[in-house]
Amino acid sequence: MAMQALMRGFASQAIDMAQGAYERVPAADPRVLGFAKLIEARAHARDGDTRSACACLATAEQLQERGQAEGTGERLWIGFFTRQRVVTDATEIFRDLRRPKSTFAWHALGAMPGDAFARSRGIRLSVLATAYAQQGNLDAALPLGQESLQVLSRLQTARGLDYIKIFTSALRPWRREHSVLTYMSQVRAPTSSLPS
């Protein structure tokens, strides 16, 4: 529920839910607790709270490592909470905190998702494109943004549209540049049929 609240733009509610999940069952599988902390970290990042986001991310990382050391046990459903998931979410946390160097450092810790994970690949490309835009590097941002748009527009998901919107917002300083105007015209066509 916290993740869904976050994706719908309700960061403070996501924080409350993630904290509640974490505090309610302190003896839960460390991966479950770690995932709650990871979502809380993402929500704090959306709220611009660097200190809380970093503290929660560090806790999530420790709990993921502890869970991995303990093995999967009977809770196979939480098997998605891997080191790669922490890395992927950390890139988004630091994008939201407008700390592109940290975004790139976390990206370097995990492989770019392959074509078999098209949505994850499109999302990561968008996150990196946004981080380059935050650095003021349009030449690096735009090709990644275009590649992300190609991937995410094929999938036609509302979640993909959210990532495209975040990147296009980061392009505002260059909104009159010819290359950005061309990109924006490419964005309008495939995203016009998606729910806003």
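Given the structure is predicted, the values throughout are model-derived calculations rather than measurements.

The number of helices and strands found in the protein is 10 helices and 0 strands. When the helices and strands of the protein are placed in sequence order, the string is α-α-α-α-α-α-α-α-α-α. In terms of overall size, the protein behaves like a compact globule, its C-alpha atoms giving a radius of gyration of 17 Å where 196 residues would be expected to give roughly 16 Å. Overall size of the protein, expressed as C-alpha extent along the three principal axes, is 55 × 35 × 30 Å. Once local pairs closer than 6 in sequence are excluded, the contacts in the protein between residues at least 24 apart make up 65%. Just so you have it, the protein exposes about 10,200 Å², and 52% of that area is on carbon and sulfur atoms. When the 25 positive and 18 negative side-chain charges of the protein are each reduced to one mean point, those points stand 5 Å apart.

Its identity is not glycine, yet Arg98 carries a phi of approximately 60 degrees, on the positive side. By the secondary structure assignment, Arg98 is in the loop between helix H5 (83-96) and helix H6 (100-107).

So, about the nonpolar core. In this structure, Leu142, Phe167, Leu171 and Tyr183 are the most contacted members of the largest nonpolar core, which totals 23 residues. Elements that contribute at least two residues to this core include exactly helix H7 (118-135), helix H8 (138-155), helix H9 (158-170) and helix H10 (178-191). Ignoring sequence-local partners within four residues, the contact set of Phe167 consists of Ser126, Ala129, Thr130, Ala133, Ala141, Leu142, Gly145 and Tyr183.

Criteria and thresholds
- Residues numbered from 1 in each chain as written.
- Predicted model: local features only at pLDDT ≥ 70, side-chain atom pairs only at ≥ 80, totals over all residues.
- Heavy atoms only, no water.
- Helix = DSSP H or I, 4+ residues; strand = E, 2+ residues; numbered from the N terminus.
- Rg over C-alpha atoms; globule rule 2.2 N^0.38 Å.
- Contact = heavy atoms within 4.5 Å.
- Areas by Shrake-Rupley, 256 points an atom, 1.4 Å probe, with all protein chains shown as cover.
- Lys, Arg positive; Asp, Glu negative; His and termini not counted.
- Charge placed at Lys NZ, Arg CZ, Asp CG, Glu CD.
- Core = buried A, V, L, I, M, F, W, Y, C linked by side-chain atoms within 4.5 Å.
- Buried < 20%, exposed > 50% of the residue type's maximum accessible area, 1.4 Å probe, protein only.

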